[in-house]
Amino acid sequence: MPTIELITHRPTGGPARPRPLLFVHGAFCGGWIWDEHFLPWFAERGWTAHALSLRGHGKSSGHEDLASHGLSDYVNDVLSVYDGMDTAPVLIGHSMGGMVVQRALVHRPATPAAVLMASAPPTGLLESSLWMAWCHPIVFQQMALMNALGDTAVDPATISRAMFSDAMPLDQAVRYMLMMQGESKRIVMEIGGWIPFPVLPPRHIPILVLGAEADRLIPPDQVRATARLMGTEADIIPAIGHGMMLDPAWESAAQRIEGWLERTLGTAAPASKAA
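Owing to the predicted nature of the structure, the values given are computational and were not obtained by experimental measurement. (Residues numbered from 1 in each chain as written. Predicted model: local features only at pLDDT ≥ 70, side-chain atom pairs only at ≥ 80, totals over all residues. Heavy atoms only, no water.)

Regarding the side chain of Arg55
With respect to the helices, strands and loops of the structure, Arg55 is situated in the loop between β3 (49-53) and α3 (71-83). By relative accessible area, Arg55 is classed as buried at 11%. A distance of 3.4 Å separates a polar atom in the side chain of Arg55 from the backbone oxygen of Asp73. Here Asp77 takes part through its side chain, which lies 2.8 Å from a polar atom of the side chain of Arg55. Residues contacting Arg55, with those up to four places away along its chain left out, are Met1, Pro2, Ile4, Ser60, Ser61, Leu66, His69, Asp73, Tyr74, Asn76 and Asp77. (Helix = DSSP H or I, 4+ residues; strand = E, 2+ residues; numbered from the N terminus. Buried < 20%, exposed > 50% of the residue type's maximum accessible area, 1.4 Å probe, protein only. Polar contact = N/O pair within 3.5 Å; in protein donor to acceptor, adjacent residues only side chain to side chain. Contact = heavy atoms within 4.5 Å.)

Following this line, the structure appears as structure tokens:
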């Protein structure tokens, strides 16, 4: 197993919640994407919040073999961190990380709950890619260049339209895009097409399926399709882009997740925050 970076924020106020959170990032980034807002926000509300960097991402090892890493490798990374925790965590995956979480749940049916944020559908990204090519051709071109040639082949200002809503200040969007990295060509091939027999998590695990109204990568109709396969209904957040943990409206996504977790896990908010 490679060395996996794990960024952890422990509760800073009020009584600790009984379940830790484990965040799984999407393509072209690392665990840092959660550390900007989400990890400290949840820690302030009593959650132990962890974010890993999949092999070949962030400060994890495996960068030299990035092109050959596949979905099963990323699932194993999540399972290795999961199994190292004293208490089974809630799994929260974004975009590509959403599909990683879907597959991880198959192997860990005792997971208390999971959240899929702008997740890659279990059936793959073919429909989403065709929609993007038709509705947002410039963004599609930039994504194709990034997949083929890496993050240095694209214009950060243009590719930022794929990640964020129009409310994101350009200088801030560019700063985040310059922090992005290359992605495995194998994983792009594995999830980029149509998966006719998708692997679905056990139905008894509560799953929140979140979508972004202004998402140019995973449109709301694909989020709803994912929710149907999970046996639930999608929650589409208005006026937010694909990278909802960094978008100006990021706190609305965090609040949706926490509210759902409190209802699902039966955990009350810390007294200091409830007043």
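Focus: the sheet that holds strand β6 (residues 207-212)
Across the sheet, 7 strands lie side by side as β1-β3-β2-β4-β5-β6-β7; this open sheet has mixed pairing. Looking at which strands have only one partner, the edges of the open sheet turn out to be β1 (5-9) and β7 (235-237). Shown here is a sheet whose adjacent strand axes are inclined to one another by a mean of 20°, direction ignored. Summarising the sheet, β6 and β7 pair through 3 bridges and their orientation is parallel. (Pairing = 2+ DSSP bridges. Axes fitted to C-alpha atoms, helices over the stretch in contact; angles between N-to-C directions.)

Digging into the pairing of β3
β3 sits mainly inside the fold: 5 of its 5 residues count as buried. Both β1 and β3 contribute to a ladder of 5 bridges, which runs antiparallel. Across the sheet, Glu5 pairs through a bridge with Ser53, a residue of β3.

Looking at the nonpolar core
Membership of the largest hydrophobic core comes to 43 residues, with the highest contact counts inside it found for Phe23, Ile33, Trp34, Phe38, Phe42, Met117 and Ile257. Considering every element that reaches this core, the biggest residue donor is helix α11 (residues 250-265), with 6 residues. When residues no more than four places from it in sequence are discounted, the contact partners of Phe23 are Trp34, Phe38, Leu39, Phe42, Ala49, His50, Ala51, Leu52 and Ile92. (Core = buried A, V, L, I, M, F, W, Y, C linked by side-chain atoms within 4.5 Å.)

A closer look at the side chain of Asp215
Within the secondary structure layout, Asp215 lies in the loop between β6 and α10 (220-230). In this structure, Asp215 is buried with no salt-bridge partner, the nearest side chain bearing the opposite charge being Arg216 at 8.1 Å. Only 3.0 Å separates the side chain of Asp215 from the backbone nitrogen of Ile218, close enough to count as a polar contact. Excluding residues that lie within four positions of it along the chain, Asp215 makes contacts with Ala118, Trp131, Ile240, Gly241 and His242. (Lys, Arg positive; Asp, Glu negative; His and termini not counted. Salt bridge = Lys/Arg side-chain N within 4 Å of Asp/Glu carboxyl O.)

Things to note about the packing of α3 against helix α9 (residues 185-192)
The angle between the axes and the distance between the axes are what describe a pair of packed helices. Closest axis-to-axis distance for the α3/α9 pair is 9 Å, and the angle between their directions is 100°. When the interaxial angle is binned, α3 and α9 end up roughly perpendicular. Contacts between α3 and α9 involve Leu71, Ser72, Asp73 and Tyr74 from the first element and Arg186, Ile187, Glu190 and Ile191 from the second. Counted by class, the contact of α3 with α9 contains 4 nonpolar, 1 polar and 3 charged residues. (Parallel < 35°, antiparallel > 145°, perpendicular 65-115°, else oblique. Nonpolar A, V, L, I, M, F, W, Y, C, P; charged D, E, K, R; others polar.)

Focus on the environment of Gly14
Tracing the backbone shows Gly14 in the loop between β1 and β2 (21-24). Gly14 gets classed as partly exposed once you look at its relative accessible area, which sits at 41%. Considering only alpha carbons, one finds Gly14 and Arg45, 31 residues apart in sequence, at a separation of 7.0 Å.

A few points about helix α8 (residues 170-177)
Within the span of α8, buried status applies to Ala173, Tyr176 and Met177. Looking straight down α8, one finds that the buried residues subtend no more than 100° of arc, so they occupy a single side. In this structure, the buried side of α8 is in contact with α1 (32-35) and α7 (156-163). (Arc of directions from axis to C-beta.)

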